[in-house]
Amino acid sequence: MAKKLFVKTYGCQMNVYDSTRMVDVMAPHGYEPGDSPDDADLIILNTCHIREKATEKVYSELGRLRALKDEAARQGRKMLIGVAGCVAQAEGEEIARRAPTVDLVFGPQTYHRLPELVVRALDRSLSGGAGVVDTDFPAEAKFDHLPEESRSQGAAAFLSVQEGCDKFCTFCVVPYTRGAEFSRPAADVLVEARRMVAGGTVEITLLGQNVNAYHGEAATGGGTWGLGRLVRALAEIDGLERIRYTTSHPRDVDDELIAAHRDVPELMPYLHLPVQSGSDRILAAMNRKHTAEAYRRIIDRLRDARPDLAFSSDFIVGFPGETDQDFVETLRLVREVGYAQAYSFKYSARPGTPAADMGDAVPETVKTERLTALQQLIGAQQIAFNAGATGSVQSVLFERRGNRAGQLIGRGPWMQSVHADAPDRMLGRIVPVRILDGHANSLSGAVVVVGETSTERTLPPAERAIA
Ligand code: 5AD
Ligand code: SF4
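Not measured: the values here are computed from a predicted model.

Draft legend 1. Looking closely at the pattern of salt bridges. Under the criterion given, the structure shown has 34 salt bridges. Between Asp134 and Arg113 there is a salt bridge; the shortest N-O distance is 3.0 Å. Highlighted residues: Asp134 in strand β6 (residues 132-134) and Arg113 in the loop between β5 (104-106) and α5 (114-127), separated in sequence by 21 residues. On the accessibility criterion, Arg113 (16% relative accessible area) is buried. A salt bridge links Lys367 to Glu364; the nearest nitrogen and oxygen atoms lie 4.0 Å apart. Highlighted residues: Lys367 and Glu364, both in helix α14 (residues 364-387), separated by 3 residues, approximately one helical turn.

If you want it as structure tokens, here you go:
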């Protein structure tokens with residue numbers, strides 16, 4: 001009888017991708033993905049360590065799972081609990097000590113060895129031993145040991161092309177949990193992309209912690225390819241209609257990538273380009289290796305190449321030593337750039353990172369005030385951006401059913417979530433939709449009836465930045 005595997009994913013899209021690959025790895029061993037932990041034989045929490053809150057969530061979930069595991073044991077069922085991802089990588093043995101209910105702990109670089117770890121964990125749990133911990137950065141390349149995906153990945157899917165980060169921003173744990181920068185060979189990426197498209201995928205988001213640092217072995221002609229070149233090659237795949245990539249670093253936006261935004265229509269006009277702060281003093285303390293002005297110039301060059309490009313970003317408020325003036329600089333940058341949306345966080349000290357040892361902590365109350373002000377500004381820009389879509393016709397890739405019968409939900413080119421009445425046969429297809437209304441977090445519209453003329457309108461610059 002098939003066993004049930006339940007994976008709960010926290011954090012970034014890299015983790016979402018890794019979770020699908022864990023399911024692929026376990027499929028040949030008789031594990032089917034389930035959607036509830038209750039009757040699972042193996043539960044994996046694929047964790048995030050980026051901020052303290054993310055880590056704490058994992059430990060409280062482990063508390064809940066412990067009760068579930070005890071109940072399963074009373075019914076004579078064996079349930080294994082695994083912790084994967086960046087908390088596993090950073091804390092290793094500590095997890096098994098703090099949460100003895102955990103049977104296996106493995107990092108983002110070792111999940112291709114999951115079947116073997118599960119067998120070892122089953123043995124140990126029968127003999128009453130401690131959990132199995134595997135958080136090496138093994139010499140063998142993980143991607144070479146992963147099976148071909150066994151299932152269709154869906155109409156819009158992720159493809160990991162790059163992992164790790166060498167940037168060492170002083171607040172960030174990623175270089176420690178995900179390790180040094182690594183790019184997959186372009187030929188491997190192309191093979192995986194073709195397979196995904198053959199399985200029905202029409203939109204691929206290329207993933208990497210620092211995706212535009214991509215420098216994989218070239219598929220033709222020797223040397224290496226940058227991300228711009230890779231995007232061009234992917235765009236030639238028949239049936240691949242949309243390409244996105246995330247997350248980028250301003251330092252790695254090169255001419256070739258900007259040119260790809262100009263020349264490749266499949267490359268969607270939306271870019272997540274985190275800046276973190278608008279103050280040069282704070283950017284230097286963060287070791288971002290760019291100024292606010294350099295970031296503005298990059299945005300300008302990208303907009304020159306592709307005028308309808310919309311941006312999102314990440315911001316940290318309350319970094320050690322951040323003054324009111326520094327924060328004002330951040331607000332100024334946000335006003336000048338004008339974002340379609342953005343994420344903002346209070347600085348959270350992460351043990352082992354250089355910023356954790358910097359003095360001059362910003363009081364919690366000040367962090368809260370700054371976060372509120374920044375989120376208000378970003379929220380107003382997002383509302384304006386969405387409102388600006390009203391009346392346009394957008395090509396929408398329908399990905400799932402809505403809550404209301406007969407309604408589908410998809411994404412437009414600018415990543416906005418679009419709701420429209422549409423028949424199920426439009427699922428997985430790109431369909432023209434007239435936008436009737438822009439809301440805070442979504443758009444609503446009506447499918448354009450065949451025969452009605454439509455042209456896709458690009459958003460005028462005035463809609464980029466308001467407030
Ligand atoms: N505190 C707060 N936010 C952080 N981020 C990364 N590390 C921290 C930290 N220590 C944010 C950054 C990054 C996003 C993924 O998470 O803005 O871009
Ligand atoms: Fe972290 Fe900076 Fe690397 Fe992004 S670029 S993953 S913030 S160290």
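Draft legend 2. Structural detail: the packing of aromatic side chains. Under the counting rule described, the total for this entry stands at 5 aromatic pairs. Here Phe168 and Tyr176 contribute two aromatic rings whose centre-to-centre distance is 5.6 Å and whose plane-to-plane angle is 75°, an arrangement assigned as edge-to-face. Ring geometry for Phe319 against Tyr347: centres 5.4 Å apart, planes inclined by 70°, an arrangement best described as edge-to-face. A residue pair is termed long-range when its members are at least 10 positions apart, and Phe319 in the loop between β15 (310-317) and α13 (324-337) and Tyr347 in the loop between β16 (341-346) and α14 qualify at 28 residues. Each member of the pair, Phe319 as well as Tyr347, is classed as buried. Members of the aromatic cluster, joined through ring pairs, are Phe171, Phe319 and Tyr347.

Draft legend 3. Geometry of the sheet that holds strand β3 (residues 42-47). Here 6 strands make up an open sheet; going across it, the order is β2-β1-β3-β4-β5-β6 and the pairing parallel. The open sheet has two edge strands, β2 (31-33) and β6, and neither has a second partner. The average undirected angle you get between the axes of adjacent strands in this sheet is 20°. Pairing between strand β1 (residues 3-9) and β3: 5 bridges, direction parallel. Each residue of the ladder has a partner; that of Leu5, found in β3, is Leu42. Here helix α1 (residues 13-26) sits on the sheet in contact with β1, β2, β3, β4 (80-84) and β5, set at roughly 170° to β1.

Draft legend 4. Main features of the site of ligand 2. Around ligand 2, the neighbouring residues are Cys165, Lys167, Phe168, Cys169, Phe171, Cys172, Val174, Pro175, His249 and Arg288. Along the lines of polarity and charge, the residues of the shell around ligand 2 split into 7 nonpolar, 1 polar and 2 charged.

Draft legend 5. How the structure looks around the site of ligand 1. Around ligand 1, the neighbouring residues are Ile50, Arg51, Phe171, Gln276, Asp314, Ile316, Phe345, Lys346, Tyr347, Ser348 and Arg350. At 3.0 Å, a backbone N or O of Phe171 approaches a nitrogen atom of ligand 1. In the model, a nitrogen atom of ligand 1 is placed 2.7 Å from a nitrogen or oxygen of the Ser348 main chain. Within the complex, the protein chains bury 87% of what would otherwise be the 400 Å² of accessible surface of ligand 1. At the level of elements, β15 and β16 are the ones that each hand at least two residues to the shell around ligand 1. By residue class, the composition of the shell around ligand 1 is 5 nonpolar, 2 polar and 4 charged.

Draft legend 6. Structural context of the pairing of strand β21 (residues 443-447). As paired elements, strand β19 (residues 417-421) and β21 share 4 bridges and run parallel to each other. The residue of β21 that forms the bridge with Ala420 is Gly445. Where strand β20 (residues 430-438) lies against β21, 5 bridges are found, and the strand directions are antiparallel. If you follow Val433 over to β21, its bridge partner there is Val447. Counted along the chain from β20 to the antiparallel partner β21, the turn is 4 residues long.

Draft legend 7. The arrangement of the nonpolar core in detail. Counting residues in hydrophobic clusters, the biggest one holds 54 residues, and the most contacted among them are Leu206, Leu227, Leu230, Leu234 and Leu302. The residues that make up this core include at least three from each of domain 2 (152-268) and domain 3 (270-387). Apart from residues no more than four positions distant in its own chain, Leu234 is found in contact with Val189, Leu190, Ala193, Leu206, Leu240 and Ile243. Among the nonpolar cores identified, the runner-up in size contains 24 residues, and Val7, Ala84, Leu104 and Leu146 belong to it.

Draft legend 8. Structural detail: the environment of Val334. Here Val334 lies in helix α13. Sequence separation of Val334 and Val264 is 70 residues, and the distance between their C-alpha atoms is 28 Å. With residues up to four places along the chain from it excluded, the contact list for Val334 reads Phe315, Tyr339, Leu374, Leu377, Ile378 and Gln381.

Draft legend 9. Summary view of the state of the cysteines. If you walk through the whole model with that rule in mind, you get 0 disulfides. Not engaged in a disulfide, the cysteine Cys48 finds its nearest cysteine sulfur in Cys12; these two sulfurs lie 6.4 Å apart. Not engaged in a disulfide, the cysteine Cys86 finds its nearest cysteine sulfur in Cys48; these two sulfurs lie 6.6 Å apart.

Draft legend 10. Highlighting the domain arrangement of the protein chain. Segmentation of the protein chain into domains returns domain 1 (3-134), domain 2 (152-268), domain 3 (270-387) and domain 4 (393-458). Distance between the C-alpha centres of domain 1 and domain 4: 37 Å.

Draft legend 11. Highlighting the packing of helix α9 (residues 227-235) against helix α10 (residues 255-263). It is the contact of α9 with α10, at a shortest axis distance of 7 Å, that shows an interaxial angle of 30°. Between α9 and α10, the angle falls in the class roughly parallel. Residues Leu227, Gly228, Arg229, Val231 and Arg232 of α9 touch α10, and the partners they reach there are Glu256, Leu257, Ala259, Ala260 and Asp263. Of the residues in the contact of α9 with α10, the class split is 5 nonpolar, 1 polar and 4 charged.

Each value, and the rule that gives it
Residues numbered from 1 in each chain as written. Chains lettered and ligands numbered in written order. Predicted model: local features only at pLDDT ≥ 70, side-chain atom pairs only at ≥ 80, totals over all residues. Heavy atoms only, no water. Salt bridge = Lys/Arg side-chain N within 4 Å of Asp/Glu carboxyl O. Helix = DSSP H or I, 4+ residues; strand = E, 2+ residues; numbered from the N terminus. Buried < 20%, exposed > 50% of the residue type's maximum accessible area, 1.4 Å probe, protein only. Phe/Tyr/Trp six-rings, centres within 6.5 Å; stacked < 30°, edge-to-face > 60°. Pairing = 2+ DSSP bridges. Axes fitted to C-alpha atoms, helices over the stretch in contact; angles between N-to-C directions. Contact = heavy atoms within 4.5 Å. Near = heavy atom within 4 Å. Nonpolar A, V, L, I, M, F, W, Y, C, P; charged D, E, K, R; others polar. Polar contact = N/O pair within 3.5 Å; in protein donor to acceptor, adjacent residues only side chain to side chain. Areas by Shrake-Rupley, 256 points an atom, 1.4 Å probe, with all protein chains shown as cover. Core = buried A, V, L, I, M, F, W, Y, C linked by side-chain atoms within 4.5 Å. Domains from an automatic or database assignment. Disulfide = S-S within 2.5 Å. Parallel < 35°, antiparallel > 145°, perpendicular 65-115°, else oblique.

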